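# Fold and geometry: a report
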Amino acid sequence: MATLLFVHHTPSPSMQAMFEAVLAGAKHPDIEGVDVVRRPALGATAADVLAADGYLLGTPANLGSMSGALKHFFDTVYYPCLDSTRGRPFGAYVHGNNDTAGTARQLASITTGLGWTQVADLVLLTGEPDKAALEALQELGATVAATLMD
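Fair warning: this is a prediction, and the values are worked out from it, not measured in the lab.

### A look at the packing of helix α1 (residues 13-26) against helix α5 (residues 131-146)
Direction vectors running N to C along α1 and α5 enclose 40°, while the axes themselves pass 6 Å from each other. The angle between α1 and α5 falls in the class oblique. Classified by chirality, the crossing of α5 by α1 is right-handed. From α1, A17, M18, A21, V22, A24, G25 and A26 reach across to α5, where they touch L134, L137, Q138, L140, G141, A142 and A145. Looking at the contact of α1 with α5 residue by residue, the class counts come to 11 nonpolar, 3 polar and no charged.

Rendered as C-alpha cells:
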C-alpha cells in the first residue's frame, strides 16, 4: 500500500475547513491502495517523509511567509531526505488573509530543491473558503492521492 503523508499547520477555523476538504479528497472512496498519514507540521519527522510515497502540505501565510511550523518541518527534514525523496509527488495549499504569493514562492523553492514533483496546482486562498475553494481543495487531495494508486 502506498503512503501519502499530509503535513499541515492548522491554527484557525479556515485552515481546519481547508484541511478537512483536502483530507476528504485524499480519502475519496475511488482512491484505493493509499494510506493517508496525517501529521501536524511540528510533529512530522524525517522518518515520516522517508516512509511516504507522496506528500500533501498545508500552511497559512503569515506576514508573507509560510508558517513557522511548516518552515521548522522543512528545516528538520530537508537534508536527511534530500537524496532519497527526489521525484516524489506533492501538492499544497495556502491560506492568507490578504496575500499568499510569498508563501507560494517559498514552497516552490523548497520543493524544487528537494526534487519533488508538483502534480496539482497550488490552491491559494485569501479570505474564508467558499464552496468553490473547498471543491478545489478536495480535488487537490484526490489528485495527489490518485498519483499513488497502482
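And the narrative resumes.
### Regarding the pairing of strand β5 (residues 89-96)
Taken residue by residue, a regular strand's side chains alternate between the two faces of the sheet. Of all 8 residues making up β5, 8 are buried, and the element is well covered by its neighbours. Going residue by residue along β5, you find P89, G91, Y93 and H95 tucked away on one face and F90, A92, V94 and G96 tucked away on the opposite face as well. Pairing of strand β3 (residues 54-62) with β5 involves 6 bridges; the strand directions are parallel. What sits directly across from L57, in β5, is A92. Where β5 meets strand β6 (residues 117-118), 2 bridges bridge the pair, whose relative direction is parallel. Each residue of the ladder has a partner; that of P89, found in β6, is T117. The sheet contact formed by β5 and strand β7 (residues 123-126) spans 4 bridges and is parallel. Note on β7: the bridge partner recorded for G96 is T126.

### Observations regarding the nonpolar core
Residues L57, F73 and F74 are the most contacted members of the largest nonpolar core, which totals 26 residues. Where this core is concerned, the elements lending two or more residues are β1 (2-8), α2 (46-51), β3, α3 (68-81), β5 and α4 (101-114). Per-element tally for this core: the top contributor is α3, with 6 residues. Residues contacting F74, with those up to four places away along its chain left out, are L57, M66, L107, I110, T111, L114 and W116. Among the nonpolar cores identified, the runner-up in size contains 24 residues, and A21, A26, V123 and L140 belong to it.

Cut-off values and rules
- Residues numbered from 1 in each chain as written.
- Predicted model: local features only at pLDDT ≥ 70, side-chain atom pairs only at ≥ 80, totals over all residues.
- Heavy atoms only, no water.
- Axes fitted to C-alpha atoms, helices over the stretch in contact; angles between N-to-C directions.
- Helix = DSSP H or I, 4+ residues; strand = E, 2+ residues; numbered from the N terminus.
- Parallel < 35°, antiparallel > 145°, perpendicular 65-115°, else oblique.
- Left-handed = near helix turned anticlockwise from the far one by under 90°.
- Contact = heavy atoms within 4.5 Å.
- Nonpolar A, V, L, I, M, F, W, Y, C, P; charged D, E, K, R; others polar.
- Buried < 20%, exposed > 50% of the residue type's maximum accessible area, 1.4 Å probe, protein only.
- Pairing = 2+ DSSP bridges.
- Core = buried A, V, L, I, M, F, W, Y, C linked by side-chain atoms within 4.5 Å.

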